[in-house]
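Here are the chains, one letter per residue:
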Amino acid sequence: MSVGKQNQITNALSDFFFEYETPRQVLVRNRRVGVVCRLIQLGVLAYIIGWVFIYEKGYQSTDTAVSSVFTKMKGVGYTNVSGSERVWDVADYVFPPQGDSSFVVMTNYIITEGQKMGKCPELKGKHNCNSDSDCEGGSFKRTGHGQMTGVCVEGTKTCEVLAWCPSVHDKYHNYTLFIKNSVTFPLFGVTRSNLVEGIDADYISKCLHDPKKAPLCPIFRLGDIVKLSGFSFETIARVGGAIGIVVDWTCNLDVDVKHCKPQYNFHGLYGNPAETDKARASVGYNFRYAKHYMEDRIQKRTLLKVFGIRFDIIVQSLARKFDIIPTLTAIGSGVGIFGVATVVCDLVLLYLLPKREFYKNMKFKYTDTHTQVSSFCL
C-alpha cells in the first residue's frame, strides 16, 4: 500500500473520531416567518402540556384492577292475593341466593298452585281449534304448555295437552341491597375495598346511600336504585327489567391511597316502557320456577312466573401513578413534534416569500463538482 493511501486512511479515521459536525443555521430577520414559527411552537407546547400531560396524564403508567363483588339483600315483602296473605323474605325473592354480582329480585309473580301431571285444555290464545284435526297428536307448540293429544276440547275450543295441569295474582317491596367490593391493582400492589376509611359497622347500620349526602354508603334502597337509573318503579316492578350498577374506581396513586374511593352510577339497561325498538316485542324480564311436593302419593308442584329486576354489578377501574419511562417518552415525542415548526417555516421561507431565491442562497451552499474533481487531481 502506498504512503499516500495510508495517509488518506489515517486522515479519514482522524476526522471520524476527532471532528464534530453541526448543521449550519441561518438567522432570518423576517417578522412573518418569525410569527408563524412561534405560533406553531406555542401550539405544540400547549398540546404537550395541556393534552399529553394534564388531560391524558402522559407522565403516569396505568393499571386495571382484579375485582370481586359480594352482595346481600335484606327486607321482607307482604302480598295478599285473593285473601291469601303471605310474607316473603330474602330466600323467597332473590335468585340466585348465593350473593353473586348478577342476581334477580322478584317484584311481581303469577302463582299456579296444586299442578299435577295430566291432560287439560290449553289456555285460550295458545292453540285454538275447531276440530280434532287442528290438534296434531304428539306435537308441541313453542309457546304451549305440553304435548298435544290430538283432541280439541269443546268447552274451551283449545287443544288438549299432556302437561302440568291446570295450565298457567301483585306488590311493592322496600328492600335494601348491600354491596361489598374489593379491588387489587397488581402493577402497583394496591388493594382497596369500598368499605373505605370511616365506613365501619356502626356507620353501615345507620346509613342509606345518597349521591350527595352519603355517596360512600354501600347500603342501597331498591326504590332509590330504580329512581336513579331513570325507571319508574311501578312499571319495572310489574313487568321486570334490568339495571346496571357501576362501581367506578378511578384512582391517582401519586396522592395518598386513602383518596382512592369508589363512585356508584346507575344505568337502566332494559325495561323502559318508552322503548320503540324491536325489543318492545318482549317487554320486561320474567322466568318460571317450580316447587315440587307429594300429595296423596301424587307428585304436584306450585308454579310461579316471576317478574323481577335483574341487577348487574359492573366494576370498572383505572389507576395511575408516576413513571419515568412514559414521562421521558412523552417529552421525547413532544421534542420531535417541535420539528414541525421548522419544516413549515422552511416551506414558507423557501417557496412562498418574494425573496425566496435570496433565502435559498443563504441556506444552501452550492459546490461545482467538476471544479472540485479537477482541483483534487492537480
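Cut-offs and rules
- Residues numbered from 1 in each chain as written.
- Predicted model: local features only at pLDDT ≥ 70, side-chain atom pairs only at ≥ 80, totals over all residues.
- Heavy atoms only, no water.
- Helix = DSSP H or I, 4+ residues; strand = E, 2+ residues; numbered from the N terminus.
- Buried < 20%, exposed > 50% of the residue type's maximum accessible area, 1.4 Å probe, protein only.
- Areas by Shrake-Rupley, 256 points an atom, 1.4 Å probe, with all protein chains shown as cover.
- Disulfide = S-S within 2.5 Å.
- Patch = residues over 30% accessible without salt bridge, like charges linked within 9 Å, V, L, I, M, F, W, Y side chains within 5 Å.
- Salt bridge = Lys/Arg side-chain N within 4 Å of Asp/Glu carboxyl O.
- UniProt positions renumbered as here; feature names shortened; annotations may be inferred.
- Expected span 1.5 Å × (residues − 1).
- Contact = heavy atoms within 4.5 Å.
- Polar contact = N/O pair within 3.5 Å; in protein donor to acceptor, adjacent residues only side chain to side chain.
- Phe/Tyr/Trp six-rings, centres within 6.5 Å; stacked < 30°, edge-to-face > 60°.
- pLDDT = per-residue confidence, 0-100.
- Axes fitted to C-alpha atoms, helices over the stretch in contact; angles between N-to-C directions.
- Parallel < 35°, antiparallel > 145°, perpendicular 65-115°, else oblique.
- Nonpolar A, V, L, I, M, F, W, Y, C, P; charged D, E, K, R; others polar.
- Pairing = 2+ DSSP bridges.

Brief notes about the overall build of the chain
Consideration 1: A count of helices and strands for the chain gives nine helices and 15 strands.
Consideration 2: Within the span of the chain, comprising 378 residues, buried residues form 33% of the whole.
Consideration 3: Accessible area for the chain stands at about 24100 Å²; split by element, carbon and sulfur atoms hold 56% of it.

What to know about the state of the cysteines
Consideration 1: Enumeration over the complete set of coordinates arrives at four disulfides.
Consideration 2: For Cys129, the disulfide goes to Cys152, at an S-S distance of 2.1 Å. Taking the torsion about the sulfur-sulfur bond, which here is approximately 90°, the covalent link between Cys129 and Cys152 counts as right-handed. Separated by 23 residues along the polypeptide, Cys129 in the loop between strand S6 (102-121) and strand S7 (147-153) and Cys152 in strand S7 bring together distant segments of the chain. For the residue pair Cys129 and Cys152, the accessibility class agrees, reading buried in each case.
Consideration 3: Cys37 takes part in no disulfide bond, and the closest cysteine sulfur to it belongs to Cys345, at a distance of 3.8 Å.
Consideration 4: According to the relative accessible area criterion, Cys37 is buried, its value standing at 13%.
Consideration 5: You can call Cys345 buried: its relative accessible area is 7%.

A closer look at a nonpolar patch on the surface
Consideration 1: A surface patch of nonpolar side chains, amounting to about 570 Å² of accessible area, comprises Val35, Leu39, Leu42, Leu45, Ile49 and Ile54.
Consideration 2: Tracing the sequence through the fold places Leu39 in helix H2 (residues 31-55).

Concerning the UniProt feature "transmembrane region" (unreviewed entry) in the chain
Consideration 1: Within this structure's numbering, the places UniProt gives as "transmembrane region" (unreviewed entry) are residues 33-54 and 330-353.
Consideration 2: In this annotation, residues 33-54 is assigned 100% helix and 0% strand; the end-to-end C-alpha distance for the span is 30 Å.

Some details on helix H7 (residues 324-352)
One turn of an α-helix holds 3.6 residues; hence residues three or four places apart share an orientation.
Consideration 1: Given a rise of 1.5 Å per residue, 29 residues ought to cover 42 Å, and the 42 Å separating the end C-alpha atoms of H7 matches this to within 8%.
Consideration 2: Every buried residue of H7 is listed here: Thr327, Ala330, Gly334, Ala341, Cys345, Val348, Leu349 and Leu350.
Consideration 3: Summarising the contacts, the buried residues of H7 are in contact with H2, strand S15 (298-322) and helix H8 (356-363).
Consideration 4: Taking the backbone nitrogen of Ile325 as reference, a side-chain oxygen 3.2 Å away marks Asp323 as the first, capping residue of H7.

Focus: the environment of Val90
Consideration 1: On the secondary structure map, Val90 appears in helix H3 (residues 90-93).
Consideration 2: Separated by 16 residues in sequence, Val90 and Met106 place their C-alpha atoms 9.8 Å apart.

What about the packing of aromatic side chains?
Consideration 1: Taken as a whole and assessed by the stated rule, the structure comprises eight aromatic pairs.
Consideration 2: Relative to Tyr175, the ring of Tyr93 lies with its centre 3.8 Å away and its plane at 0°, an arrangement referred to as stacked. In this pair, the class of Tyr93 matches that of Tyr175, namely buried.
Consideration 3: Among the aromatic residues, those joined into a cluster by ring pairs are Phe95, Tyr285 and Phe287.

Thoughts on the confidence of the model for the chain
Consideration 1: Taken residue by residue, the chain gives an average pLDDT of 81. The fraction at 70 or more is 83%.
Consideration 2: For the chain, the element scoring lowest by mean pLDDT is helix H9 (residues 369-377), at 48; strand S10 (residues 190-193) scores highest, at 94.
Consideration 3: Long-range and interchain partners of residues 168-172, a stretch whose pLDDT sits below 50, account for 15 contacts in this model, where long-range means more than four residues apart.
Consideration 4: Below a pLDDT of 50 lies the segment residues 372-378, which in the model reaches one contact outside its immediate sequence neighbourhood of four places, other chains included.

Things to note about the packing of H7 against H8
Geometrically, a packed helix pair is captured by the angle between its two axes and the distance between the axes.
Consideration 1: Two elements in contact, H7 and H8, have axes whose closest approach is 6 Å; the angle formed by their N-to-C orientations is 120°. On the basis of their axis angle, the class for H7 and H8 is oblique. For the pair H7 and H8, contact is made by Asp346, Leu349, Leu350, Tyr351 and Leu352 and by Arg356, Tyr359, Lys360 and Lys363, respectively.
Consideration 2: Grouping the amino acids of the contact of H7 with H8 by side-chain chemistry returns five nonpolar, no polar and four charged.

Some thoughts on the pattern of salt bridges
Oppositely charged side chains may form a pair once their charged atoms are brought near each other.
Consideration 1: In total, this model carries six salt bridges according to the counting rule given.
Consideration 2: In this structure, Glu154 engages Lys157 in a salt bridge whose closest nitrogen and oxygen atoms are separated by 3.4 Å.
Consideration 3: The partly exposed category is assigned to Lys157, whose relative accessible area is 33%.
Consideration 4: Between Arg221 and Asp224 there is a salt bridge whose closest N-O contact spans 3.0 Å.
Consideration 5: You can call Asp224 partly exposed: its relative accessible area is 27%.

Focus: the environment of Arg238
Consideration 1: Its place among the elements puts Arg238 in helix H6 (residues 233-239).
Consideration 2: For Arg238, a relative accessible area of 49% corresponds to the partly exposed category.
Consideration 3: In sequence terms Arg238 and Phe307 are 69 residues apart; their C-alpha atoms lie 6.8 Å from each other.

Regarding the pairing of strand S9 (residues 176-185)
Consideration 1: One ladder, built from nine bridges, connects strand S2 (residues 66-74) with S9; its direction is antiparallel. Residue pairing in the sheet places Thr71 in a bridge with Ile179 of S9.
Consideration 2: As judged from the four bridges shared by S9 and S10, these two strands associate in the antiparallel manner. When the sheet's bridge partners are listed, Val183 is paired in S10 with Arg192.

A word on the side chain of Thr71
Consideration 1: By secondary structure assignment, the location of Thr71 is in strand S2.
Consideration 2: Taking relative accessible area as the criterion, Thr71 reaches 6% and is therefore assigned buried.
Consideration 3: Setting aside anything within four residues of it in sequence, one finds Thr71 in contact with Gly99, Asp100, Phe103, Leu177, Phe178, Ile179 and Ile313.

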